[in-house]
Amino acid sequence: MKNVMLINLASKDCRSNSFPLGLSYIAAALNFCNVEIVDLNYVDSDELIQKVSNKHFDVVGISCYTGNFIEASSLAKTIKEIDGKSLMVIGGYHATSEYEYIIGNHNEFDIAIRGRGEIPFTELICALSNNQDLNEVHSIAYRRNGNVIVTASTKTVTGNYLPDRKNENKYFISSGKEKISCIATMRGCYFNCSFCSINSNEWTSVCSKEFIKKDIENIVKNGGDSLYFVNPDFLCNRKCLENTLAIIEEYKEIKTFKISTRSDSILKNLDILETLFALGCNSIEVGIESFSDSQLGRYNKHLTADENIKSYKAIMNFYDKYHFRYIHELIPFDPWVTRDELIDTVGFYSKNKFDYLELEPWLFTKLILYPNTVLRSKAEKESIISGNSHIEIPFWNFINDDVAMVYSALMKYKTNLLPKLNIVRDNMQFIIKSDEATSVQKIVCLKIKEKLSRITVDYFMDLLIHPISEYEKILNEKINVVEHYLKNKRFC
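## Quick look at the packing of aromatic side chains
The description of an aromatic ring pair uses the distance of the two centres, along with the angle that the planes make with each other.
Piece 1. Within the structure shown, the criterion is met by 23 aromatic pairs.
Piece 2. Geometrically, the ring pair formed by F291 and Y349 is edge-to-face, given 5.5 Å between the ring centres and 80 degrees between the ring planes. Taken together, the residues F291 in the loop between β13 (281-289) and α10 (293-298) and Y349 in helix α12 (residues 339-351) connect sequence positions 58 residues apart.
Piece 3. Taking relative accessible area as the criterion, F291 reaches 5% and is therefore assigned buried.
Piece 4. A relative accessible area of 1% means that Y349 is categorised as buried.
Piece 5. Between Y413 and Y459, the ring centres sit 4.6 Å apart and the planes meet at 15 degrees, which makes this aromatic pair stacked. Within this pair, whereas Y413 is found in helix α15 (residues 401-416), its partner Y459 is found in helix α18 (residues 455-465), the two being separated by 46 residues in sequence.
Piece 6. Y413 gets classed as buried once you look at its relative accessible area, which sits at 0%.
Piece 7. The exposure class assigned to Y459 is buried, which follows from its relative accessible area of 1%.

Next comes the structure, spelled out in structure tokens:
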């Protein structure tokens, strides 16, 4: 029986608290092996090294994305130095896109898995156990006599493997009383956005009702009471959506759940939105990206700004009743964006009610040029990127100089003013929640906090509608507003 270690690298974002669902699928498929998942969000690297030093693992797999490939490479080298007989396997989005470069240039990795890992990993272990040729293993790349060998892609949709949820309770995020479990009701994505690393050409498969029910049952048995659906678009398949909501209604232990979706999927399911929120959907992330038709076209979203507006109105119909988190995922800045396109997007928020504190981080977002995406290829052809594009996210330049100046001014605001603004907001929130504050004080602070919540949107809009020569004046006006509250002892 082979010993297999699967490593989830530490993350600085929300993934640090997310159950490594992809690795758990592989662990379930390898139920004929001794499999150990090591999550470096919870286990320090010294403990990992100790595990490798004390026990031989026939295969060590590392899952990574482009942003942490260098870390994955360093860790693989360390493990190879400790146990040179361990077969090092790399998987994840980056390996799927850059498998030839990785195997051709990084000897610390022996094999790269392309796409979903359950079937290739299972075939790999079987081939090793039976001394079979690696060329019989689907969807991998490996070295032979100095050459990179790429095997045929698997023709089989991902196996129906229930994720191995042993010890999942250590991933439960303390958010009030929620114990959140990651879950997928479908794999892949029907769409093919030009910026996204999830390629619709890969197999898209929908989980059966029985599979979903069993997985939720296991979550409940393990103490979970909240679900985080990691589907790129939870609403895109009506039958799967109806099945999942029926199961959630059956399991009363599930108190809340979080989803991601698109505007067009919302508009196709208007009749089911009330049920969605009534059953406990407490967070909905919508991939808006932009309110500019030309930018949406560049992103290959296959929807319009008008559809984004209609979906916003549809969701807001339930916002005051159910009090859920409503998040718009935006990509306002790409290399080709124009001032008019930014005005379309920022102008929408300037005119419409929204939770501006949820929106604020997205206003600074620059497009990430992931490997093997349409916009990455476009940027490479136009020679507007720099850096080693095979091992890291490349830096890119704006085509339009005036947009570059807008972004520079926005970053200056983010660096110099936003930290002070957040101090004032925190002070206001403290007073609002304080038992010692009077009702009048709380009302005043609530109004000030509401005013300051949209200051970033207002500043962004001011940059877009005024000439560059006025940028310094605009920033100073905002600084004066914030410093007024910082210096006022009533609000400190």
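## Some words on the sheet that holds strand β8 (residues 180-183)
Strand pairing in a sheet relies on backbone hydrogen bonds, with the paired strands running either antiparallel or parallel.
Piece 1. Strand order in the open sheet formed by five strands is β8-β11-β12-β13-β14, with parallel pairing between adjacent strands. Two strands close off the open sheet at either side, each with one partner strand: β8 and β14 (325-330). For this sheet, the mean angle separating the axes of adjacent strands, direction not counted, is 20 degrees.
Piece 2. Where β8 and strand β11 (residues 226-229) come together, four bridges link them in parallel fashion. In the sheet register, S181 faces β11, and the bridge partner there is L227.
Piece 3. Contacting β8 and β11, helix α6 (residues 209-221) runs over the sheet at an angle of about 160 degrees to β8.

## A few points about the packing of helix α16 (residues 418-433) against helix α19 (residues 471-487)
Piece 1. Their axes nearest at 9 Å, the elements α16 and α19 cross at an angle of 45 degrees. Relative to α19, the element α16 is oriented oblique. Judged by the twist between their axes, the crossing of α16 over α19 is left-handed. For the pair α16 and α19, the contacting residues are K420, L421, I423, V424 and M428 in the first and V482, E483, Y485 and L486 in the second.
Piece 2. Broken down by class, the residue content of the contact of α16 with α19 amounts to seven nonpolar, no polar and two charged.

## Describing the nonpolar core
Piece 1. Core analysis: the biggest nonpolar cluster contains 98 residues, and F257, L276, I284, Y326 and Y349 have the highest contact counts within it.
Piece 2. Other than its neighbours up to four places away in sequence, I284 contacts I259, T261, I266, F277, I315, F324, R325, Y326 and I327.

## A look at the sheet that holds strand β3 (residues 59-63)
Piece 1. The seven strands are arranged β2-β1-β3-β4-β5-β6-β7 in an open sheet whose pairing can be described as mixed. The strands lining the two open edges of the sheet, one partner per strand, are β2 (34-39) and β7 (147-150). Each strand axis lies, on average, 20 degrees off the axis of its neighbour in the sheet, ignoring direction.
Piece 2. Judged from the four bridges that link them, strand β6 (residues 140-144) and β7 form a sheet pairing that is antiparallel.

## A closer look at helix α4 (residues 93-105)
Piece 1. Between its terminal C-alpha atoms α4 stretches 18 Å, which fits the 18 Å expected from 13 residues at 1.5 Å a residue.
Piece 2. The sharpest bend along α4 measures roughly 80 degrees and falls at Y99.
Piece 3. Among all positions in α4, only H94, A95, E98, Y99, I102 and I103 are buried.

## Overview of the environment of A112
Piece 1. You can see A112 is positioned in strand β5 (residues 111-113).
Piece 2. What makes A112 buried here is its relative accessible area of 0%.
Piece 3. Taking the C-alpha atoms as reference points, A112 and E100, separated by 12 residues in sequence, lie 8.4 Å from one another.
Piece 4. When residues no more than four places from it in sequence are discounted, the contact partners of A112 are I90, Y99, I103, S139, I140 and A141.

## Quick word on the packing of helix α1 (residues 21-29) against helix α5 (residues 118-129)
Piece 1. Two numbers describe how α1 lies on α5: the axes approach to 9 Å, and their chain directions differ by 40 degrees. Between α1 and α5, the interaxial angle falls into the category oblique. By crossing handedness, the relation of α1 to α5 is classed as right-handed. Residues Y25, I26 and A29 of α1 form the contact with α5, whose participating residues are E118, F121 and T122.
Piece 2. Residues that form the contact of α1 with α5 fall into these classes: four nonpolar, one polar and one charged.

## Here we look at unusual backbone geometry
Piece 1. Phi at N372 is positive, roughly 65 degrees, even though this residue is not glycine.
Piece 2. Looking at the element boundaries, N372 is found in the loop between α13 (356-359) and α14 (374-381).
Piece 3. Even without glycine at this site, S383 takes up a positive phi of about 55 degrees.
Piece 4. By the secondary structure assignment, S383 is in the loop between α14 and β15 (385-386).

## So, the side chain of Q295
Piece 1. Along the chain, Q295 falls in helix α10.
Piece 2. Sequence-distant contacts of Q295, that is, excluding residues within four places in its chain, are made with S290, I331, P332, D334, V337, E341 and T345.

## Here we look at the environment of N476
Piece 1. If you trace the backbone, N476 turns up in helix α19.
Piece 2. In this structure N476 comes out as partly exposed when scored by relative accessible area, which is 37%.
Piece 3. Taking C-alpha positions, N476 is 45 Å from F19, a pair spaced 457 residues apart along the chain.

Cut-offs applied
- Residues numbered from 1 in each chain as written.
- Predicted model: local features only at pLDDT ≥ 70, side-chain atom pairs only at ≥ 80, totals over all residues.
- Heavy atoms only, no water.
- Phe/Tyr/Trp six-rings, centres within 6.5 Å; stacked < 30°, edge-to-face > 60°.
- Helix = DSSP H or I, 4+ residues; strand = E, 2+ residues; numbered from the N terminus.
- Buried < 20%, exposed > 50% of the residue type's maximum accessible area, 1.4 Å probe, protein only.
- Pairing = 2+ DSSP bridges.
- Axes fitted to C-alpha atoms, helices over the stretch in contact; angles between N-to-C directions.
- Contact = heavy atoms within 4.5 Å.
- Parallel < 35°, antiparallel > 145°, perpendicular 65-115°, else oblique.
- Left-handed = near helix turned anticlockwise from the far one by under 90°.
- Nonpolar A, V, L, I, M, F, W, Y, C, P; charged D, E, K, R; others polar.
- Core = buried A, V, L, I, M, F, W, Y, C linked by side-chain atoms within 4.5 Å.
- Expected span 1.5 Å × (residues − 1).
- Bend = angle between axes of the 7 residues up to and from the residue.

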